[in-house]
Amino acid sequence: MEQNLQLLDGHTTLTGLLGSPVSHSISPLMHNEAFRHLGLNYVYLCFDVGTENLKNAVNGLKLLGAKGFNCTMPDKNLMCDLADQLSPAAEMIGAVNTVLIENNKCIGYNTDGIGYMRAVKDAGHNIIGKNMTLLGAGGAATAVCVQAALDGVAQIHMFSLKDEFWMRAEKLIDTINKNTKCKASLFDISDTTQLKKSIDNSQILTNGTSLGMAPNIDGCVIQDSSMLHEGLIVSDVIYNPRETKLLRLAKEQGCLTFNGLYMLLYQGAEAFNIWTGQDMPVSIIKEKYFS
C-alpha cells in the first residue's frame, strides 16, 4: 500500500488557510498531497480566523516563519489592506486570496481569476478576444472579471443587484476600462432585456454568484432558459453541487457547460507555485480529489 503520511520535522515549512468557516475546505488535501508527491517539506493547515483576529493571525504567521497562506471569506478584502504589497490583479480586484511572506513582508495576490481562466482552457475553450456575460459583482465575480480583462477578453457585461457591491462594481468597471483593452459595462441584473441582448452577443455566460450553491440548490440566476442559445458556453463558479440548476438548464438548451471545481484546483495550483516555485502536479491531484 502506498504510504500517504507526511513526515514533519523541525525544518517543515508552514502554509495554510485563514477564514471562517474553513473546516469544509479541500485545500489541505490537495496541497499536502502535492507537497508529499514532490518531496517538499511543507505542510498546509486550516485556521478558523475571522476579520476581527486577522491582523493578529497574520503577524503570528510572520513571527512563526510561515511561507505564506490562503485567505477565504470573510478575510479577502481586509487582507488587501493588511498586505505590504499587491499584485496588479489583487489591487484591481480589491481582495487577496494568496499571500507570500518574504523578508517579513506580506505580498498579496489574487489567484481566483487565474484559476477560472485556466479552467476555461481546461474545458477546451478559448475566450480571448470574445465577449462574456458575467453574473454577480461579489468576490468571485470580481476576480473573474479582472483576470478575463487582463488576459484579453474583448468585452465583459457584468450584471449585479443594486446592493452593497454596486458602487464597488462601478469603480471596478472604470478601472478595467482605464487599464486594459477590454470594454467593460455594468448593468442591473433585473434588466432582463439587456441581459438577453448581452447573452445573445456573448460566447460565454458565467455565474459568479452563490445562487444555486448547496444547500439552496434550487436557486438560479437565469429564470428564463430561452435566454440561453445553443453553442453558448455556460460556466458556474459553484462546485457544490457539481451540476447547478443553471448548468442543467443550459445543457437542455444545447449549451456547453462546466462548473467551478477546476477553478478551485487551478487557483490552488497558482498559490502552490507562488510559495514553492514549483508546479503543482495537477493531473495527480485531479485524479485523486476532483474526479
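In this text, all values refer to a predicted model and were calculated from it rather than measured experimentally. (Residues numbered from 1 in each chain as written. Predicted model: local features only at pLDDT ≥ 70, side-chain atom pairs only at ≥ 80, totals over all residues. Heavy atoms only, no water.)

## Some details on the environment of asparagine 110
Phase 1 of the analysis: Take asparagine 110: it is sitting in the loop between β6 (105-109) and α5 (112-122).
Phase 2 of the analysis: Residues asparagine 110 and serine 87, spaced 23 residues apart in sequence, show a C-alpha to C-alpha distance of 7.6 Å.
Phase 3 of the analysis: Dropping the residues within four chain positions of it, asparagine 110 is found in contact with Ser87, Ala89, Ala90, Ile93, Ala95, Val96, Asn97 and Ala143.
Phase 4 of the analysis: At 3.0 Å, the side chain of asparagine 110 and the backbone oxygen of alanine 95 are in polar contact. (Helix = DSSP H or I, 4+ residues; strand = E, 2+ residues; numbered from the N terminus. Contact = heavy atoms within 4.5 Å. Polar contact = N/O pair within 3.5 Å; in protein donor to acceptor, adjacent residues only side chain to side chain.)

## Observations regarding the environment of threonine 193
Phase 1 of the analysis: For threonine 193, the position within the fold is in helix α8 (residues 192-200).
Phase 2 of the analysis: Sequence separation between threonine 193 and tryptophan 166 is 27 residues, and the spatial gap between their C-alpha atoms is 19 Å.

## Here we look at the sheet that holds strand β4 (residues 85-86)
Phase 1 of the analysis: In space, the six strands of this open sheet follow the order β2-β1-β3-β5-β6-β4, with mixed pairing throughout. Across the chains shown, the open sheet's two edge strands, defined by having one partner strand only, are β2 (42-48) and β4.
Phase 2 of the analysis: As judged from the three bridges shared by strand β3 (residues 68-71) and strand β5 (residues 98-102), these two strands associate in the antiparallel manner. Residue pairing in the sheet places phenylalanine 69 in a bridge with valine 99 of β5.
Phase 3 of the analysis: Where helix α2 (residues 54-63) meets the sheet, it contacts β1 (13-19), β3, β5 and β6, and its direction lies at approximately 175° from that of β1.
Phase 4 of the analysis: Sitting on the sheet, helix α10 (residues 261-276) touches β1, β2, β3, β5 and β6, and the angle it makes with β5 is about 0°. (Pairing = 2+ DSSP bridges. Axes fitted to C-alpha atoms, helices over the stretch in contact; angles between N-to-C directions.)

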